[in-house]
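Now for the letters of each chain:
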Amino acid sequence: MKIKYNLLHEEINSRARLGTIETNYGTFDTPMFMPVGTKATVKTMTPEELYECKAGIILSNTYHLWLRPGPDLIKKAGGLHKFMNYNGPILTDSGGFQVFSLAKPKDITEEGVHFKSHIDGSNLFLTPELSIEIQNKLDSDIAMSFDECPPYPVTHDYMKRSIERTLRWAERGKRVHNNENQSLFGIVQGGEFPDLRMESAIETAKLEFDGYSVGGVSVGEDKETKYKMIEYATKYMPRDKVRYLMGVGEPIDIIEGTIRGIDLFDCVLSTRIARHGNAFTRRGKINLKNLKYREDFAPIEEECDCYSCKNYTKAYIRHLITSDETLGGRLLSIHNTRFLIKLTEDLRMAIKEDGLIKYREEFISKYNGDKTNE
RNA sequence: GGAGAGAUAGCGAAGAGGCUAAACGCGGCAGACUGUAAAUCUGCUCCCAUUGGGUUCGAUGGUUCGAAACCAUCUCUCUCCA
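On a predicted model such as this, the values are computed, not experimentally measured, just so you know. Residue numbers run consecutively from 1 along every chain, following the written order of its sequence. Going through the entries in the order they are written, you letter the chains from A and number the ligands from 1. Given that the model is predicted, a residue must reach a pLDDT of at least 70 before its local features are reported, and side-chain atom pairs must reach 80 or more before they are shown or counted; all residues, however, enter totals for whole chains, interfaces and linings. Only hydrogens and water are set aside when side-chain values are computed; all heavy atoms of the structure are taken into account.

A. Main features of the overall build of chain A. Looking only at helices and strands, chain A features 15 helices and 15 strands. In terms of C-alpha radius of gyration, chain A reaches 20 Å, essentially the compact-globule figure of 21 Å for 374 residues. Along the first, second and third principal axes, the C-alpha set of chain A runs to 60 × 45 × 40 Å. Working definition: with a 1.4 Å probe on protein chains only, accessible area under 20% of the residue-type maximum means buried, over 50% means exposed, and in between means partly exposed. When the 374 residues of chain A are sorted by exposure, 58% land in the buried category. Any two residues whose heavy atoms approach within 4.5 Å at even a single point are treated as in contact. Contacts spanning at least 24 positions in sequence make up 67% of the contacts within chain A whose residues lie at least 6 apart. Strands are runs of DSSP state E lasting at least 2 residues, helices are runs of H or I lasting at least 4, and numbering of each runs from the N terminus. Our radius of gyration is a C-alpha quantity, and the globule rule it is checked against amounts to 2.2 Å times the number of residues to the power 0.38.

Here it is as structure tokens:
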């Protein structure tokens with residue numbers, strides 16, 4: 001079956017929504033943070049650790065799995081869930097972000113996008129149809145349309161042509177999509193231009209996708225601009241369908257996104273900064289490599305319910321990180337992932353009580369507050 | 001006892017008259033990271049200040065306009081032979 005989004009409550013003081021998403025691999029609440037597992041693994045984390053972090057859904061990537069190990073092998077394995085032993089819902093990105101991170105402007109054509117493989121340099125050509133075909137084989141629960149994720153800034157003229165092409169790509173992808181157990185999402189682009197975000201949202205909705213996302217965010221713009229982008233897009237996105245903000249992110253961005261009506265988030269930060277020695281905390285991000293944690297025998301956060309905080313000290317994790325031991329990045333990935341998911345739990349609680357604006361004020365003042373008394 | 005080789009920043013190691021406060025690596029200290037070409041990348045790492053200044057290359061003395069580099073003596077290390 002396709003996913004089913006149930007809108008349970010809309011906050012009085014903001015545009016935040018409380019909902020659930022039913023999938024073939026279980027039902028989860030929204031807003032929700034999705035850990036990123038690009039290459040069929042959330043880096044350093046086992047599925048059991050993801051369940052323990054209460055991840056509702058995870059994300060994987062078409063582009064990377066296309067190159068290695070290839071969609072046919074994953075199909076042979078019985079699909080992505082079986083292949084990676086993950087029994088929760090999985091969303092696959094289309095490769096659209098790799099248009100941003102890997103392709104050059106001249107490589108983008110109406111037909112599709114030319115890539116040079118980051119693995120062996122070979123020439124690749126990804127089209128909207130191919131992206132969907134690959135995702136059909138991967139058998140994720142949610143597939144994403146193949147879009148162009150333009151950098152920031154580009155001209156209004158470029159962006160207009162880009163959203164129109166992304167729209168044509170969405171249509172082309174939808175036409176070849178043929179997996180009854182997989183839902184397909186459209187992507188709203190348009191940069192910081194209100195008229196283009198509106199046009200993109202309205203036209204994409206006309207194609208009647210199973211859900212919609214906001215793309216082209218966190219590509220170099222400042223915070224104010226980012227929140228406007230989200231606002232401009234969600235304003236015109238269907239009320240009765242899931243809204244997914246792609247590639248975001250930071251705790252405060254998740255709160256700001258939620259306030260603007262976003263239900264789903266994904267971001268590499270939780271695991272990437274973990275491998276780089278950083279941890280999210282209610283009092284802001286901390287760098288465990290810092291000398292001041294050398295003899296700090298307290299957990300990252302006293303009040304955190306994650307496996308790492310219940311069992312390990314900052315001093316030990318610092319030792320692991322500075323010694324280049326993988327367990328350090330793993331323990332921090334567990335903490336950071338749990339941190340963002342717990343944040344969405346708190347947001348849901350606040351939405352239920354129509355107290356999200358107040359929650360934001362309290363969170364931000366603590367997060368950005370004076371850290372000298374730690 | 002004899003014959004060689006060597007001593008350079010926290011460590012390893014380049015440098016063989018001026019372009020050298022001294023490459024590079026490690027270690028150390030910070031920073032960045034938002035649909036993962038990322039267990040990666042960037043900066044700093046003799047002392048003091050903002051430009052700039054002050055002390056350095058085992059020690060001492062010398063040659064030279066100028067020495068980490070050349071010479072002498074000394075100290076210490078290593079290798080080989082007895």
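B. A look at the pattern of salt bridges. Salt bridge, as used here, is a side-chain nitrogen of Lys or Arg placed within 4 Å of a carboxyl oxygen of Asp or Glu. All chains considered together, the criterion is met by 26 salt bridges. In this structure, arginine 172 engages glutamate 129 in a salt bridge whose closest nitrogen and oxygen atoms are separated by 2.8 Å. Here glutamate 129 lies in helix 6 (residues 128–138) and arginine 172 lies in helix 7 (residues 156–176), a separation of 43 residues in the sequence. The residues arginine 172 and glutamate 129 share a single accessibility class, namely buried. For the salt bridge of lysine 314 with aspartate 296, the shortest nitrogen-to-oxygen distance reads 3.4 Å. Taken together, the residues span a long stretch of sequence, with lysine 314 in helix 13 (residues 314–322) and aspartate 296 in the loop between strand 15 (286–287) and helix 12 (307–311) at a distance of 18 residues.

C. Here's a closer look at empty space enclosed by the protein. Each cavity reported here is a set of points on a 1 Å grid over the protein atoms alone in which a 1.4 Å probe fits but cannot get out, each pocket an open set with protein on both sides within 12 Å along at least five of seven lines, and each lining residue one with an atom within 4 Å of a point. Grid points are joined across faces, edges and corners, and a volume is the space filled by probe spheres set on the points. By the definition in use, this model includes two cavities of 30 Å³ or more. As a volume, the largest cavity reaches approximately 40 Å³. Every residue lining the largest cavity is listed: Pro150, Pro151, Tyr152, Pro153, Val154, Met159, Gly191, Glu192, Gly216, Val219 and Met229. Just so you know the grouping, Ala, Val, Leu, Ile, Met, Phe, Trp, Tyr, Cys and Pro go in nonpolar, Asp, Glu, Lys and Arg go in charged, and all remaining residues, Gly too, go in polar. Here the lining of the largest cavity is built from residues that sort into eight nonpolar, two polar and one charged. Lining of the second largest cavity is provided by Lys39, His64, Arg68, His118 and Ile119. For the lining of the second largest cavity, the per-class residue count stands at one nonpolar, two polar and two charged.

D. Just a positive patch on the surface, in detail. A patch is a set of surface residues, each over 30% in relative accessible area and not in a salt bridge, joined within 9 Å for like charges and within 5 Å for the nonpolar side chains Val, Leu, Ile, Met, Phe, Trp and Tyr. Accessible surface is estimated by sampling points in the Shrake-Rupley manner with a 1.4 Å probe; for residues, cover comes only from the protein chains shown. Just so you know, the count uses Lys and Arg for positive and Asp and Glu for negative, and it drops His and the chain ends. All charge positions are set by atom: Lys at NZ, Arg at CZ, Asp at CG, Glu at CD. Among the surface-exposed residues, Lys39, Lys43, Arg68, Arg272 and Arg275 lie close enough to one another that they form a single positively charged patch. Looking at the element boundaries, lysine 39 is found in the loop between strand 4 (32–35) and helix 1 (47–52).

E. View of the sheet that holds strand 3 (residues 26–30). By definition, two strands form a pair when at least two bridges between them are found by DSSP. The sheet built from three strands is open, its strands ordered 1-2-3 with antiparallel pairing. The sheet is open, and its two edges are formed by strand 1 (4–10) and strand 3, each paired on a single side. Strand-to-strand twist in this sheet, taken as the mean axis angle between neighbours without regard to direction, amounts to 15 degrees. Taken together, the six bridges between strand 1 and strand 2 (residues 17–23) define a ladder with antiparallel strand orientation. Looking at the pairing, lysine 4 lines up with glutamate 22 of strand 2. Axes here refer to lines fitted to C-alpha atoms; in helices the fit is confined to the stretch in contact. Angles between the N-to-C directions go from 0 to 180 degrees. The strands touched by helix 14 (residues 326–352) are strand 1, strand 2 and strand 3; relative to strand 2, the strand with the most contacts, the crossing angle is about 125 degrees.

F. Highlighting the nonpolar core. Within the largest apolar cluster, 102 residues are counted, with the highest numbers of intra-cluster contacts made by Tyr244 and Leu264. Counting residues per element, this core draws most heavily on helix 14, which supplies ten residues. Listed in part, the five residues of the second largest apolar core include Met159, Ile163, Phe193 and Leu196. Take the buried Ala, Val, Leu, Ile, Met, Phe, Trp, Tyr and Cys residues and link them wherever side-chain atoms come within 4.5 Å; each set so joined is a nonpolar core.

G. Inspection of helix 13 at higher detail. The complete set of buried residues in helix 13 reads Lys314, Ala315, Ile317, Arg318, Leu320 and Ile321. On its buried face, helix 13 is in contact with helix 11 (269–275), strand 15 and helix 14.

H. Local environment of the packing of helix 9 (residues 223–234) against helix 10 (residues 251–259). Contact geometry for helix 9 and helix 10: axes closest at 10 Å, N-to-C directions at 35 degrees. Our pair here, helix 9 against helix 10, has a crossing hand that is right-handed. For the pair helix 9 and helix 10, the contacting residues are Lys223, Lys226 and Tyr227 in the first and Ile252, Asp253 and Glu256 in the second. Each residue belonging to the contact of helix 9 with helix 10 can be placed in one class, and the counts come to two nonpolar, no polar and four charged. In this scheme, a crossing is called left-handed if the near helix is turned counterclockwise away from the far one by less than a right angle; it is called right-handed if the turn is clockwise.

I. Here's a closer look at the pairing of strand 5 (residues 58–61). Burial along strand 5 is two-sided: Ile58 and Ser60 and Leu59 and Asn61, pointing in opposite directions, are all buried. Bridge count between strand 5 and strand 6 (residues 90–93): four bridges; the pairing is parallel. Residue pairing across strands places serine 60 opposite threonine 92, the latter belonging to strand 6.

J. Local environment of the layout of surface pockets. Quantified by volume, the largest pocket comes out at close to 830 Å³. What lines the largest pocket is a set of 39 residues, among which Phe97, Gly247, Asp266, Val268 and Arg272 lie closest to the centre. Within the residue set of the lining of the largest pocket, elements represented by two or more residues are strand 5, helix 5 (96–101), strand 13 (264–267) and helix 11. Per-element accounting of the lining of the largest pocket gives the leading share, five residues, to helix 5.

K. Broad picture of the sheet that holds strand 5. Taken in spatial order, the eight strands of this open sheet run 4-13-12-11-10-9-6-5, and their pairing is parallel. Lying at the two open borders of the sheet, with one neighbouring strand each, are strand 4 and strand 5. Sheet twist, expressed as the mean angle between neighbouring strand axes with direction ignored, is 30 degrees. Note that strand 11 (residues 211–214) and strand 12 (residues 242–245) share four bridges and pair parallel. Considered in strand 12, the bridge of serine 213 is made with tyrosine 244. Against the sheet, helix 6 touches strand 6, strand 9 (142–144) and strand 10 (183–188), its axis set at about 165 degrees to strand 9.

Honestly, that's just the spatial picture; any functional story needs more than this.
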